[in-house]
There are 2 protein chains.
Amino acid sequence: MPTTEQKLAAVHGYVDAFARGDTEAIVALFDANATVEDPIGTPIKRGHDEIRAFYQGSTATGAKLELLGEPRCAADYVAFPFAVRLEWQGQKSVIEVIDTFRLNDEGKIVEMRAYWGPENMKAG
Amino acid sequence: MPTTEQKLAAVHGYVDAFARGDTEAIVALFDANATVEDPIGTPIKRGHDEIRAFYQGSTATGAKLELLGEPRCAADYVAFPFAVRLEWQGQKSVIEVIDTFRLNDEGKIVEMRAYWGPENMKAG
């Protein structure tokens, strides 16, 4: 079971890597066989190559994350509410999102799922 | 697929039922075969009888919920951040939680999972 410290480190490492636009630091948080579903209902990315391609797209928008409350840890999961600020179709936008990470014993993310929809995106 | 309106109605119905301490109104939000895992990692409650017993315990604490941001809808899920205010061992307490609901086409909750740990509980 991952520790609370590992779960919080994954969340803060993720936010910090976005702040630097450091795609490789994001990828390094994930297990080699991890899955990413962002948002839920869209095709799942599997493994470092697909995950890298996805986050290269994200960091290219200049997306920065701001936590909107404390991370919630339970068993091998952590969930956290945050705002994403980015340029979307030439417009400054903010999206309120909740992500869940499931971690392995090494503290690597094995499953990421993102909860957000069009009604969570606003001009900002 | 449940609509955004159904997902938001489930969240607001849940908060409102806690405000009234109305266990039956909570149970009525769930499908007959739904599961509740609160917090994740604890034994799963299945079906209306087990779900009723669980929420009778919750409403007996006087627990009231306050949304801490907008619900996030994606596919058949909705996730929402909130605070629970309750009496815990004679002490007024607040817990910051994230719940996820998965809904069926009738707008009933088929799966509820709650993310929170001891570090999210504070005097309040």
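See the structure printed just above.
Below: a short report on this structure.

Reading guide: rules and limits
- Residues numbered from 1 in each chain as written.
- Chains lettered and ligands numbered in written order.
- Predicted model: local features only at pLDDT ≥ 70, side-chain atom pairs only at ≥ 80, totals over all residues.
- Heavy atoms only, no water.
- Least-squares fit on C-alpha atoms with pLDDT ≥ 70 in both.
- Contact = heavy atoms within 4.5 Å.
- Helix = DSSP H or I, 4+ residues; strand = E, 2+ residues; numbered from the N terminus.
- Polar contact = N/O pair within 3.5 Å; in protein donor to acceptor, adjacent residues only side chain to side chain.
- Buried area = accessible area lost by both parts, 1.4 Å probe.
- Salt bridge = Lys/Arg side-chain N within 4 Å of Asp/Glu carboxyl O.
- Nonpolar A, V, L, I, M, F, W, Y, C, P; charged D, E, K, R; others polar.
- Core = buried A, V, L, I, M, F, W, Y, C linked by side-chain atoms within 4.5 Å.
- Buried < 20%, exposed > 50% of the residue type's maximum accessible area, 1.4 Å probe, protein only.

Focus: the relation of the copies chain A and chain B
The transform that puts chain A on chain B rotates by 180° and translates by 0.0 Å along the axis, for an RMSD of 0.0 Å. Those values place the two copies in the arrangement expected of a two-fold rotation axis. Identified as the residue of chain A closest to the rotation axis by C-alpha distance is Pro81(A), at 3.5 Å. Interface residue correspondence from chain A to chain B reaches 100%, placing this contact among same-surface, isologous pairings.

Considerations on the side chain of Lys45(B)
All names here are of chain B. Take lysine 45: it is sitting in strand β2 (residues 45-46). A distance of 3.1 Å separates a polar side-chain atom of lysine 45 from the backbone oxygen of proline 43. When near neighbours in sequence (up to four residues on either side) are disregarded, lysine 45 contacts Ala34, Thr35, Val36, Asp38, Glu50, Ile51 and Phe54.

Observations concerning the interface of chain A and chain B
Tallying the contact residues gives 29 residues for chain A and 29 residues for chain B. Between chain A and chain B the total buried area reaches about 2100 Å² when both faces are included, carbon and sulfur atoms providing 54% of it. Contact with chain B buries area across many residues of chain A, yet Glu70(A), Arg72(A) and Tyr115(A) alone supply 31% of it, more than any other trio. Here Arg72(B) and Glu96(A) are joined by a salt bridge, their closest N and O atoms 3.9 Å apart. For the pair chain A and chain B, the interface holds 14 residue pairs in polar contact (both at pLDDT 80 or more). The set of elements that each furnish at least two residues to the side of chain A that touches chain B consists of β4 (72-74), β5 (77-88), β6 (91-103) and β7 (109-115) of chain A. Looking at which element gives the most residues to the side of chain A that touches chain B, the answer is β5(A), with five residues. Looking at side-chain class alone, the side of chain A that touches chain B contains 17 nonpolar, six polar and six charged residues.

Regarding the nonpolar core
By size, the foremost hydrophobic cluster in this structure holds 30 residues, and its most contacted members are Tyr14(B), Phe30(B), Tyr55(B), Val84(B), Phe101(B), Ile109(B) and Met112(B). In terms of residues, this core owes the most to one element, helix α1 (residues 4-20) of chain B, which gives six residues. Not counting chain neighbours up to four residues away, the residues in contact with Ile109(B) comprise Ala10(B), Leu29(B), Phe30(B), Asp31(B), Ala34(B), Phe101(B), Arg102(B) and Leu103(B). If you look at the next biggest cluster of nonpolar residues, it comprises 29 residues, including Ala17(A), Val97(A), Leu103(A) and Ile109(A).

Examining unusual backbone geometry
All names here are of chain A. Here the bond from aspartate 38 into proline 39 is cis, since omega is -10°, no more than 30 degrees from zero. You can see proline 39 is positioned in the loop between β1 (30-37) and β2 (45-46). Within the chain, glutamine 89 stands out as a residue other than glycine whose phi angle is a positive 55°. Note on placement: glutamine 89 falls in the loop between β5 and β6.

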